[in-house]
Amino acid sequence: MLYHIAQGDVYSTEFMDNSLASTLLKGADLRFNVYNNSTVTASGAPINATNFNATNGVIHLVDNVIHPVPFGTIGDVIAISPAFKTLRKAVAAANLTGMLKSEAVTLTLFASTDRAFAKLPKGYLDKLLKNKTELTAVLMYHLVRGALYVAGMPEEGNVTTLEGGALYISVCESEYYNKVWVGGADLTYPDATATNGVIQVIDQVLSPTTTRRLGANIGCISTAGETKAKNPMHKMMDNEINVLPWRPEKL
């Protein structure tokens, strides 16, 4: 609960994109983002109503519990999470560890798990790790400048990666079915806030040369057998074990 309480009177006029507000939880700041779809979020949680005055402050309404609490940078999370051993090795080989641990720039990492890397053709990963130029391009294609939470993702469109290429995203929300496709990969654990951005966990390794607009024409599946009535995006999880250090239970 302490992470939901900002210090001082923070009114909606102070909700600037990528601005921070100190909370009562020491060392954990709320990150505000303002997106082109007019959505305003607090560490990924959409803010639905604002500026309810109280005798001791001000109240804003959010439609999700703000979780998880950031404990370190994107690089710190990758460094200790058991689900990202291969990604950690690749990041080190490309000399990108420093960038992911830097507080100087805010980033979104579409993080491929070990299971995602295991889907690559046999021998491809070893070849990739030996080719720093190609490896760097692949990893940079998984990075977007700024904190891109699910609530701010385009319903259907491209975002520009640090590699320079366009990454296609398709968001499908309905009463029965919630899904986000990222370059053909399934977003399996959304909105893991870090002190320098956000991690979006995906189930494939993206490639700037082979990414496809998968998911664009899939639509919102709403069969009785797949009913997920009004599940929030934060319930979209696969069977990864220990994907993130703050979620030790089976996802």
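Parameters at a glance
Residues numbered from 1 in each chain as written. Predicted model: local features only at pLDDT ≥ 70, side-chain atom pairs only at ≥ 80, totals over all residues. Heavy atoms only, no water. Helix = DSSP H or I, 4+ residues; strand = E, 2+ residues; numbered from the N terminus. Buried < 20%, exposed > 50% of the residue type's maximum accessible area, 1.4 Å probe, protein only. Contact = heavy atoms within 4.5 Å. Areas by Shrake-Rupley, 256 points an atom, 1.4 Å probe, with all protein chains shown as cover. Salt bridge = Lys/Arg side-chain N within 4 Å of Asp/Glu carboxyl O. Pairing = 2+ DSSP bridges. Phe/Tyr/Trp six-rings, centres within 6.5 Å; stacked < 30°, edge-to-face > 60°. Lys NZ or Arg CZ within 6 Å of the ring centre and 35° of its normal.

Enquirer: I'd like a rundown of the overall build of the protein chain, residues and numbers included.
Expert: Check the secondary structure of the protein chain and you find six helices and twelve strands. A buried classification covers 47% of the 251 residues belonging to the protein chain. The long-range share in the protein chain, meaning contacts at least 24 apart out of those at least 6 apart in sequence, stands at 62%. Counting only carbon and sulfur atoms, one obtains 52% of the accessible surface of the protein chain, whose full area is about 12,300 Å².

Enquirer: Explain the pattern of salt bridges residue by residue, including any values.
Expert: Within the structure shown, the criterion is met by two salt bridges. The salt bridge partner of lysine 119 is aspartate 203, with a shortest N-O separation of 3.8 Å. With a gap of 84 residues between them, lysine 119 in the loop between α4 (114-118) and α5 (124-129) and aspartate 203 in the segment after β12 (197-202) connect regions that are remote in the sequence. On the accessibility criterion, lysine 119 (53% relative accessible area) is exposed. Among the residues examined, aspartate 203 registers a relative accessible area of 16% and is labelled buried.

Enquirer: Before we move on, could you go through helix α6 (residues 132-140) and cite the residues and values that matter?
Expert: Working note: α-helix, 3.6 residues per turn, so residues spaced by three or four point in the same direction. Regarding α6, the residues found buried are Leu135, Val138, Leu139 and Met140. In this structure, the buried side of α6 is in contact with α2 (85-93), α3 (97-101), α5 and β7 (143-145).

Enquirer: Help me get a handle on the pairing of strand β6 (residues 107-112), residues and values and all.
Expert: When a strand is regular, its side chains alternate between the sheet's two faces. The element β6 is largely enclosed, with a buried count of six among its six residues. Residues Leu107, Leu109 and Ala111 line one face of β6 and the alternating positions Thr108, Phe110 and Ser112 line the opposite face, and both faces are buried. Two elements, β6 and β7, share three bridges in a ladder whose sense is antiparallel. By the bridge assignment for β7, threonine 108 is matched with valine 144. Sheet topology places β6 next to β12; six bridges connect them, and they run parallel. When the bridges of β12 are listed, leucine 107 appears paired with glycine 197.

Enquirer: Before we move on, could you go through the packing of aromatic side chains and cite the residues and values that matter?
Expert: A complete count under the given rule lists one aromatic pair for this structure. The cationic tip of lysine 179 hangs over the ring face of tryptophan 181; the distance from NZ or CZ to the ring centre is 5.6 Å.

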